[in-house]
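Letter by letter, the chains look like this.
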Amino acid sequence: SIIGEISDTLTQFLQAIHPLIKSGTPLVLTLLAYQHPGMPNKFITLKPLLDQLDELGYEQEEVLPTEISSQLGLTGVDPYQIIYRRPDQIVARAIVKLVKI
């Protein structure tokens, strides 16, 4: 599947840069997120990749800290990824923050 191929490519990228960056270095990435057919607020993301971050030597941190989303009056927001999509697009972007362990 295309998602599997993209996940493999990103895994290879994270493995390749791991020895080149210091521990604590943040990486902000945009990952593909596909709108779930018939469900405008549901997205298919690269969750399998995110589930194996510790094995790759990274951890995911909040992109939008809870205290900030509360101050802005945002509810039901996943603090670990921000989904960005224009109304005419099927493919969205999931913005995530990783930190090298």
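Here the structure is a predicted model, which is why all the values come from computation and not from measurement.

Peer 1: Could you clarify how one ought to interpret the overall build of the protein in this entry?
Peer 2: On a plain count of helices and strands, the protein comes out with 4 helices and 5 strands. When the helices and strands of the protein are read in sequence order from the N terminus, they spell out α-β-β-α-α-β-α-β-β. The dimensions of the protein, computed from C-alpha atoms along their principal axes, are 40 × 40 × 20 Å. In the protein, which comprises 101 residues, the share counted as buried stands at 29%. Across the protein, contacts joining residues at least 24 apart in sequence account for 64% of those joining residues at least 6 apart.

Peer 1: It is not clear to me how the environment of Pro40 should be interpreted in this structure. Could you clarify?
Peer 2: Summarising the element assignment, Pro40 is placed in the loop between β1 (26-35) and β2 (43-44). Measuring from C-alpha to C-alpha, the distance between Pro40 and Ile3 comes to 19 Å, with 37 residues separating the pair along the chain. Once residues lying within four places of it in the same chain are set aside, the contact partners of Pro40 are Gln35 and Arg85.

Peer 1: Hey, could you run me through the nonpolar core in this one?
Peer 2: Soluble, globular proteins show a tendency: their nonpolar side chains are buried together. If you look at the biggest cluster of nonpolar residues, it comprises 15 residues, and the most contacted ones within it are Leu14, Leu27, Leu31, Tyr58 and Leu98. Among all residues touching Tyr58, those that are not within four sequence positions of it are Leu14, Ile17, His18, Ile21, Leu27, Leu53, Val99, Lys100 and Ile101.

Peer 1: How do you make sense of the pattern of salt bridges when you look at a structure like this?
Peer 2: Side chains that differ in sign of charge can pair as their charged atoms come close. This structure, assessed with the given rule, holds 1 salt bridge. Linking Lys97 and Glu61 is a salt bridge whose minimum nitrogen-to-oxygen distance equals 3.4 Å. In this pair, Lys97 sits in strand β5 (residues 91-100) while Glu61 sits in strand β3 (residues 58-61), placing the two residues 36 residues apart along the sequence. Classification of Glu61 by relative accessible area gives partly exposed; the value is 30%.

Peer 1: Could you clarify how one ought to interpret the side chain of Ser7 in this entry?
Peer 2: Relative to the helices and strands, Ser7 resides in helix α1 (residues 2-17). Its relative accessible area of 10% is what places Ser7 among the buried residues. Filtering out sequence-adjacent residues up to four positions away, Ser7 remains in contact with Leu46 and Leu49.

Cut-offs used in this document
- Residues numbered from 1 in each chain as written.
- Predicted model: local features only at pLDDT ≥ 70, side-chain atom pairs only at ≥ 80, totals over all residues.
- Heavy atoms only, no water.
- Helix = DSSP H or I, 4+ residues; strand = E, 2+ residues; numbered from the N terminus.
- Buried < 20%, exposed > 50% of the residue type's maximum accessible area, 1.4 Å probe, protein only.
- Contact = heavy atoms within 4.5 Å.
- Core = buried A, V, L, I, M, F, W, Y, C linked by side-chain atoms within 4.5 Å.
- Salt bridge = Lys/Arg side-chain N within 4 Å of Asp/Glu carboxyl O.

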